[in-house]
Amino acid sequence: RDATQAYHEFHQRSAKAAKFLKTLPSREAQPSESESSKDGLVRDFDELRMQLEKEGFFKPNYAHTVYRLAELAVMCVAGVALWMQGYK
């Protein structure tokens, strides 16, 4: 079976994966494996993904990322402070 969609879902931003993929052997897809042979589940998934992209679910929110990193840093500092005071 064609794994193009699964590859793109898991590795769409990975330059390393793209470089590795180019080293693998490939062949032309048979007519039965082409885009026209997508089953209903794959078509439904494509529609869901397009809808989520339109709603902005795949756009990075840098403010949220900074907030989460700051939260992590605060927890680490609190953990070290507790450890230094003798809490186990």
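Our structure is the block above this text.
These numbers were taken from a predicted model, which means no experiment stands behind them.

> What exactly am I supposed to notice about the packing of aromatic side chains here?
Note on aromatic pairs: each is described by the distance of the centres and the angle between the planes. Using the criterion set out here, one finds 0 aromatic pairs in the structure. Its end group placed over the ring of Phe 58, Arg 49 keeps NZ or CZ at 4.3 Å from the ring centre.

> For this particular structure, what's the right way to read helix 3 (residues 40-54)?
The α-helix advances 3.6 residues per turn, and as a result positions three or four apart in sequence lie on the same side. The terminal C-alpha atoms of helix 3 lie 21 Å apart, and with 15 residues this matches the ideal 21 Å at 1.5 Å per residue to within 8%. Downstream of helix 3 by a residue or two, Gly 56 has a phi angle that is positive, lying close to 85 degrees.

> It is not clear to me how helix 4 (residues 62-84) should be interpreted in this structure. Could you clarify?
Here helix 4 is 23 residues long and its end C-alpha atoms lie 33 Å apart, about the 33 Å a rise of 1.5 Å per residue gives. In this structure Asn 61 caps helix 4, since a side-chain oxygen of it lies 3.2 Å from the backbone nitrogen of Ala 63.

What counts, and at which threshold
Residues numbered from 1 in each chain as written. Predicted model: local features only at pLDDT ≥ 70, side-chain atom pairs only at ≥ 80, totals over all residues. Heavy atoms only, no water. Phe/Tyr/Trp six-rings, centres within 6.5 Å; stacked < 30°, edge-to-face > 60°. Lys NZ or Arg CZ within 6 Å of the ring centre and 35° of its normal. Helix = DSSP H or I, 4+ residues; strand = E, 2+ residues; numbered from the N terminus. Expected span 1.5 Å × (residues − 1). Polar contact = N/O pair within 3.5 Å; in protein donor to acceptor, adjacent residues only side chain to side chain.

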